[in-house]
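# Survey of secondary and tertiary structure
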Amino acid sequence: MKKFDKNVILNFITMIGGVTVNFLLSFLMYKMGLPMYLDSIGTIATAAVCGMLPGILVAVITNLVCCIYNPLAIYYAILSVLMAIVTSIYTHRNYLKKKTRVAEYLLILALIAGGLGAGVQLLLIHHPQYAEVSHVSEYISTRYSINLYVCFFAVNIILNLIDKGLSAGIVFGVLRLVPQKNLDEIWDIGWQQRPLSAIDMKRMKIASKKNSAKLQKRVSSMLITAAITMSVIMSVISVQLFYSDVRERYIANATGAVKMAAKVIDPDRIDAYVIKGHELSDYIETENALYDIRANFEGVEYLYVIRMKKDGCQVVFDLATEEVEPYDNGDMIPFEEAFEPYLDDLFAGKEIEPVESDDISGWIITKYYPVKDADGNTVCYVAADVQIKYLSGYLKDYIIKTFLIFSGFFLLILAYGMWLSRYHLVYPINSMAAYTSDFMTENDNQTALEENVRRIKALDIHTGDEIENLYKALCKMTESTAEKMKDVRQQAKAINQMQSGLIITMADLVENRDSDTGYHILKTADYVKIILEGLQKKGYYSKKLTPKFISDVEMSAPLHDIGKINIPDAVLNKPGKLTDEEYEIMKTHTTAGKQIMEKAISTVKGESYLKEARNMAAYHHEKWDGSGYPEGLKGEVIPLSARIMAVADVFDALTARRVYKEPMPFEKAMDIIIKDSGTHFDPKCVEVFAESEKEVRRVLKKYQE
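Let me sum up the structure you'll find in this document.

The rules we used
Residues numbered from 1 in each chain as written. Predicted model: local features only at pLDDT ≥ 70, side-chain atom pairs only at ≥ 80, totals over all residues. Heavy atoms only, no water. Helix = DSSP H or I, 4+ residues; strand = E, 2+ residues; numbered from the N terminus. Buried < 20%, exposed > 50% of the residue type's maximum accessible area, 1.4 Å probe, protein only. Core = buried A, V, L, I, M, F, W, Y, C linked by side-chain atoms within 4.5 Å. Contact = heavy atoms within 4.5 Å. Pairing = 2+ DSSP bridges.

Following Y629, the chain continues to P630 via a peptide bond in cis, the omega torsion being 15°. As for its placement among the helices and strands, P630 is situated in the loop between α21 (608-619) and α22 (640-655). Phi is positive for D460, close to 55°, though the residue is something other than glycine. Tracing the chain through its elements places D460 in the loop between α15 (446-458) and α16 (466-513). If you check the backbone angles, Y541 has positive phi at about 50° while not being a glycine. Counting through the fold element by element, Y541 comes out in the loop between α17 (520-538) and α18 (547-556). Residue classification places Y541 among the buried residues on the basis of a relative accessible area of 14%.

If you want it as structure tokens, here you go:
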């Protein structure tokens, strides 16, 4: 049997033992009627030995099992869960090695079990669970003139301080007999990798502090948010359904009450009842029958009989309640505002739907039912009122019980989610990140690289999911990287030398073929440098204009017309304006340049400076408004290096001498560049170029001379 499997079995045995001990001791105390519990020994032991999640699991299962003999036990699950959490924290962080921490720990347990427990008792049964506690609290309250509830809370906390102190003493006394190594192994069963040492954990925490959005916080926040959201939604829906169900049940009770009452009322005696009332024996008999009917229908607060008159309701019967004196027979009661829409139907003797009203009696639902004589005429109405305060009372108890039950399971689910994310996600990812960071930091030292590869492999991450796949890929990558680093260093020098020679060679090939361009590649290179410096000074495209990008563009600018190497001499060196067909041939120098540079890139492992050379060769004739060639790119979709070259290339074409034209004056050429800003050219490139007039004139003058 593997060590891991053995520890898992020990973990489960501990949890089963914890539930068993909790149940047996709790059952014994309950049957003896003692104000002690001893139902948390197993919870404390499991939380101390196995960790927070197993402790919470034992706490919840214990309270579920204890419902067999004590139906109220499930409502105390939240208290047991909180004690498991506190025990796990104090044990895992070694707080209990100090006496002050031990006292603090026991006090917290007493406040949870005693203080919160007393609150739960008052909410559930509205009085202490044990008569002995109630008697002691009353005695202290009477003798010392202290508030009864304060005494009850104090007595309960003191009793639980003794109870939890005894429980914790037994648990940690036994645990001292167990070797710490064995306890650590049981605690570590959640690892899906080689358990991290204290040094590793500390290093990971230091590294994670540099990152403001740590994965653990995000996962925890996500779980808490999801759990709370679902809790709120389910609670609201549950309360709404409960309220609706109870409301309908009470309305049904009210309907049943009025229908039954209508059967015991003699419709032919209504006039006599109104005039003489209690003077008549049958009136008293009928009233007593109405009292019996009201008592048999839950939620019916008021039951009365009225006769509709033009100036109000005339009382025939009105039953007394503990809080409200009844109206006398014959009394007139004004119509309430809520009944005004129904008066026509009531005067017509019709049955109406239940009516909700808010008057001096409170918020009530009233059900009216007609009492008809032998001819089918309505002579009066029996009315039953359901007072909403009773609904509210039921609803309040329901919410409290639902919250107490759900809170324990809520913390269990939350703890499981956090445990799962910690061991299956956070620790593996942080471990890989930390060791990969070391690998990247020490990539100049071959020995250190190989050592870091060994350490990464030693993590042994085995989550059995995508994280494990990522880990395996990381192992292969780092091992392959370490093997290739030496070759890369040897090749780097040769590649750097090749870069410079390649640029010079290819640029010379083009310029030597074109008899008309003069110093075109040199001038455009200088103009490109001027624009780059201007953009950088203005802060434009700051994310793109890195030192590496600037260097690459300056280095590869001479290659922007490399594609002209494929243009026939007859077209390239024609001493006049090109025909449409010839112009189409000339335009192919962009696509040819792109192909040449892509081939070069594949040859030299894709160095970034050649990528910018490709971009300039392919797209320096694209226009800002999308009307350029070869692809009709638009705006910032055109690579920045090509947008810069477009300005430099056109300006040099305007100011250079050709066999078919004279050079254009500086001012006119600059005006054309500015005019085409936003259509042909990137406005920002034109802006910095125009503002660098002095530098541009200097370049132009140098090559004219």
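Moving on: the nonpolar core. If you look at the biggest cluster of nonpolar residues, it comprises 41 residues, and the most contacted ones within it are I56, V81, Y105 and L404. Ranked by the residues each element gives to this core, the list is headed by helix α4 (residues 77-92), at eight residues. If we ignore the near neighbours within four places in the chain, the residues touching Y105 are I44, V86, T87, Y90, L96, A168 and F172. W624, V647, F651 and V699 belong to the second largest nonpolar core, which has 36 residues in total.

Right, let's get into the pairing of strand β2 (residues 312-318). Of all seven residues in β2, seven are buried; the element is thus mostly enclosed. As judged from the six bridges shared by strand β1 (residues 300-309) and β2, these two strands associate in the antiparallel manner. By the bridge assignment, V305 is partnered in β2 with F317. If you look at the hairpin formed by β1 and β2, you'll find two residues sitting between the two strands.

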